[in-house]
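Residues per chain, in single letters:
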Amino acid sequence: MASSLASLSAILSQQHRALLVQRRCCCVSPTHVFYNRRASNSHGYRYFTHRSLKRLGFSLTLSRNFSHSHNSSAKKKDSPGLHHFIAQASVSASQAQPELMPALDLATTPETPLGGRIYHETYGCQMNVNDMEIVLSIMKNSGYSEVVDVPESAEVIFINTCAIRDNAEQKVWQRLNYFWFLKRHWKSNVATGRAQSVRPPKVVVLGCMAERLKDKILDKDKMVDVVCGPDAYRDLPRLLEEVEYGQKGINTLLSLEETYADINPVRISKNSISAFVSVMRGCNNMCSFCIVPFTRGRERSRPVESIVKEVAELSKEGVKEVTLLGQNVNSYNDATGAEVESGANWKLSDGFSSMCKVKNMGLRFADLLDRLSTEFPEMRFRYTSPHPKDFPDDLLYIMRDRYNICKFIHLPAQSGSSTVLKRMRRGYTREAYLDLVQKIRNIIPDVGLSSDFICGFCGETEEEHKATLSLMKAVGYDMAFMFAYSMREKTHAHRNYVDDVPDEIKQRRLTELIEAFRESTGQCYDSQVGSVQLVLVEGPNKRAPETELIGKSDRGHRVAFTNVPLLDRTGDPIHKRNPIVGDYVEVRISKSTRASLFGEAFAITKLTSFYKNVDQEAVACAS
């Protein structure tokens, strides 16, 4: 038996060296060998490392010494060759233990041995949702094909995190505590029927919080198995494999190039008529309150062709509305083509500045919108989240002239005080922001605007807070996202300022800002009464699911209407039918609230047909 083990060990050593040669061409890891398991109940493969081979009684160190001494003696005259020795040893080993020691088959590409069902949760922005779709695609290609709806049935649990605000992080910690309970008490959970997984789940933390708190997460009472940052998702299968052998998996390296442009995301919402498409990643703005440049890295953009290809696939699947994503989406800059100019020609919004200069300029965001809107005339396009500094005139004009680019702009202000904006390092003043708002409304008269605001930033006085309230009322936003400031580590503010506004004052100011928003937003919705809006049907209205449908207008307003048979301008003009999800419906607005619109639907139509009729009516009125 000892002789057989030594012989087989020599074979393993020789074939392991062959793998090292193969690695130069096919990226096989030098620490792995593949073992063909010919068990009666399986035709799969097991994946062994040096450590696991030692558990079976093999010593690769011994095998290297044995093989080396044999190679030396084989050089003597009339000594049998190495091939003869391997053949003899293979026969001996198989005769000694035919079941325990089958022959290696390196000609066959092994499938990923690890697997299990996946459960996932996502917190934060739409970019995190899109990231989760990329992760699912990577895992699917590695053999993790099944996704379950509850963590109790999963062998792998992904939680995709957000680090923008402290509240989001606290929610993640609460969920991690529960996942730790599922892992720590797996046997009793299975016995009582609480868990249905076949083994204790591996818990994986993804996203911005993974990058920011990697050491703390891994050290937290063995709560988490893998920590993976936003630029390292391709490494997830390997990291999970490391866990199999008692390691902690961690990769939070940021990249200057990773865009996942070649990965086709697995859509989380299978039958959705809307989808997110990431066009760029990272941020160069370095606002003093924001941690994104430290968790997402620097800006880099996907090539236009890869975006067009992904949108074409979505169009074939029936998607009617695409939201283009980026941490600073309108800074899009595809400099991969041959026609690249000096970044000195980069045009900012009038009155705005940037701390980071562009080196090379290629196709900009207006060029991308031009291409997409032309090639997909029956698809709507939105985008988020932009920065006010990157709204050159050509971007505004392309939005005005293309009917399928939604007339809605997210324009984050953060504060209405120029002194606070300076401490925030936003690159503009209150006056420059208001001038941009006026320019946008002059070029796109019926545009909808939304914004972000932070209350209680470092050193904010009552006068500075009142300036924000007055800006809110002066602009009149359709939607706003308002938050009390929470200090983030690694940011410029954390290094240079003091978070000196008490929490109770922050909350009071936040309440005042919300009230100011509610007073002003009603005018935006009231202005729509009497107009005809093209509504993309999303499903039943939750308030009256049996009788009403709800959808979204071009401007982003929620519009409800009674579900009745309508004239179908897309098909048989004689017979009426009820609208379904994905239909474009013409709705005359009859009533508004501060959060939604209600109207009367009168026809099902197409995107191109509706705006063609609108243009014809405008010409008729003008003549």
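What counts and what doesn't
- Residues numbered from 1 in each chain as written.
- Predicted model: local features only at pLDDT ≥ 70, side-chain atom pairs only at ≥ 80, totals over all residues.
- Heavy atoms only, no water.
- UniProt positions renumbered as here; feature names shortened; annotations may be inferred.
- Pairing = 2+ DSSP bridges.
- Helix = DSSP H or I, 4+ residues; strand = E, 2+ residues; numbered from the N terminus.
- Axes fitted to C-alpha atoms, helices over the stretch in contact; angles between N-to-C directions.
- Contact = heavy atoms within 4.5 Å.
- Parallel < 35°, antiparallel > 145°, perpendicular 65-115°, else oblique.
- Left-handed = near helix turned anticlockwise from the far one by under 90°.
- Nonpolar A, V, L, I, M, F, W, Y, C, P; charged D, E, K, R; others polar.
- Phe/Tyr/Trp six-rings, centres within 6.5 Å; stacked < 30°, edge-to-face > 60°.
- Buried < 20%, exposed > 50% of the residue type's maximum accessible area, 1.4 Å probe, protein only.
- Lys NZ or Arg CZ within 6 Å of the ring centre and 35° of its normal.

- The name recorded for the protein chain in an unreviewed UniProt entry is CDK5RAP1-like protein, from Erythroxylum novogranatense.
- Of the comments in the UniProt record for the protein chain, the one headed Sequence similarities (unreviewed entry) reads "Belongs to the methylthiotransferase family. MiaB subfamily."

### Quick word on the sheet that holds strand β5 (residues 202-207)
Part 1: The parallel open sheet is built from 5 strands, whose spatial order is β3-β4-β5-β6-β7. With partners counted over all chains shown, the strands left at the sheet margins are β3 (118-122) and β7 (249-251), one partner each. Mean inter-strand twist for the sheet, computed between neighbouring axes without regard to direction, equals 15°.
Part 2: Pairing of strand β4 (residues 156-161) with β5, which is carried by 6 bridges, proceeds in the parallel orientation. Paired with Phe158 across the strands is Val204, a residue of β5.
Part 3: The strands touched by helix α6 (residues 166-184) within the sheet are β3, β4 and β5, with β4 carrying the most contacts at an inclination of about 170°.

### Considering the packing of helix α13 (residues 365-375) against helix α14 (residues 393-401)
Part 1: Two numbers describe how α13 lies on α14: the axes approach to 9 Å, and their chain directions differ by 20°. Taken together, the axis directions place α13 and α14 in an arrangement best described as roughly parallel. Along this stretch, α13 crosses α14, giving a crossing that reads as left-handed. Taken together, the residues of α14 that come into contact with α13 (itself represented by Phe365, Ala366, Leu369 and Asp370) are Asp394, Leu395 and Ile398.
Part 2: Tallied by class, the residues present in the contact of α13 with α14 amount to 5 nonpolar, no polar and 2 charged.

### A look at the packing of aromatic side chains
Part 1: The tally for this structure, following the rule as stated, stands at 13 aromatic pairs.
Part 2: Taking the centre distance of 5.8 Å and the plane angle of 20° together, the rings of Tyr233 and Tyr260 count as stacked. In this pair, Tyr233 sits in the loop between β6 (226-228) and α10 (236-244) while Tyr260 sits in the loop between β7 and β8 (274-278), placing the two residues 27 residues apart along the sequence. The pair Tyr233 / Tyr260 is uniform in exposure class, with both members buried.
Part 3: An aromatic cluster is present here, built from Tyr119, Tyr178, Phe179 and Phe181 joined pairwise through their rings.
Part 4: Against the face of Trp346 rests Arg364, its NZ or CZ located 3.5 Å from the ring centre.

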